[in-house]
Amino acid sequence: KHFKNPKFVKEIKNPSGKGEVGNIRCGDIMHLQIKVDNNKIKDIGFQTFGCPAAVASSDVVCGLAMGKTLEEAKKITKDDIVKELGGMPKIKLHCSVLGIEALKKAIEDYEKHE
Ligand code: FES
């Protein structure tokens, strides 16, 4: 569901923060943007050249982060994603960190320019 019909594959115009990460294991790239208002994530979107597992797990990251405070969003873990997806093959676990790392970078980017 999160791969075939992702809700958050979109570009956020005039984002408050942007994160870009590459996956060391496979070389795939993730771009993620956030819109912050009153210390909460009001909108979030990503674009990736990653695999279906990266798309699905990043869509879950965005869904979990939406509406959260920045502090809450920083605490999202790989385990939260895997739980939400109902499991993930071990060989694909490295794909699930792309979205989390991009989210953390986007928050850092926002905090740097705040
Ligand atoms: Fe590269 Fe999954 S194989 S993100």
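Above this text is the structure in question.
Scoring rules and cut-offs
- Residues numbered from 1 in each chain as written.
- Predicted model: local features only at pLDDT ≥ 70, side-chain atom pairs only at ≥ 80, totals over all residues.
- Heavy atoms only, no water.
- Helix = DSSP H or I, 4+ residues; strand = E, 2+ residues; numbered from the N terminus.
- Rg over C-alpha atoms; globule rule 2.2 N^0.38 Å.
- Buried < 20%, exposed > 50% of the residue type's maximum accessible area, 1.4 Å probe, protein only.
- Contact = heavy atoms within 4.5 Å.
- Areas by Shrake-Rupley, 256 points an atom, 1.4 Å probe, with all protein chains shown as cover.
- Pairing = 2+ DSSP bridges.
- Axes fitted to C-alpha atoms, helices over the stretch in contact; angles between N-to-C directions.

(A) Molecular detail of the overall build of the protein. Across its full length, the protein carries four helices and three strands. Helices and strands appear in the protein in the N-to-C order β-β-β-α-α-α-α. Here the C-alpha atoms of the protein give a radius of gyration of 13 Å, agreeing with the 13 Å that 2.2 N^0.38 yields for 114 residues. In terms of its C-alpha atoms, the protein occupies a principal-axis envelope of roughly 40 × 25 × 25 Å. Taking all 114 residues of the protein together, the buried fraction comes to 41%. Put simply, 59% of the contacts in the protein that link residues at least 6 apart link residues at least 24 apart. For the protein, the exposed surface amounts to about 6,600 Å²; the carbon and sulfur share of it is 51%.

(B) Unusual backbone geometry, seen in detail. Located in the positive-phi region is N14, a residue other than glycine, with phi close to 45°. Here the phi dihedral of N38 falls at roughly 55°; this positive angle occurs in a residue that is not glycine. Of note, N38 is situated in the loop between β2 (29–37) and β3 (40–48).

(C) Summary view of the sheet that holds β3. Across the sheet, which stays open at both edges, the three strands sit in the order β1-β2-β3 with antiparallel pairing between neighbours. A single partner strand is all that each edge strand has here, and the edge strands are β1 (17–22) and β3. With strand direction ignored, the average angle separating the axes of adjacent strands in the sheet is 15°. Pairing of β1 with β2 involves six bridges; the strand directions are antiparallel. Residue pairing for β2: G22 is matched across the bridge by I29. Of the strands in this sheet, β2 and β3 touch helix α1 (residues 52–65), which is tilted by about 170° from β3. Sitting on the sheet, helix α4 (residues 93–113) touches β1, β2 and β3, and the angle it makes with β1 is about 140°.

(D) Fine view of the environment of K92. Summarising the element assignment, K92 is placed in the loop between α3 (78–85) and α4. Among residues more than four places away in sequence, those in contact with K92 are C51 and A53.

(E) Local environment of the pairing of β2. In this structure, the hairpin formed by β1 and β2 is closed by a connection of six residues, where G27 is found at a positive phi of approximately 85°. As defined by bridge partners, β2 adjoins β3 across eight bridges and the pair is classed as antiparallel. Bridge pairing in β3 links H31 to Q47. The hairpin turn running from β2 into β3, its antiparallel successor, is two residues long, and N38 in that turn takes a positive phi close to 55°.

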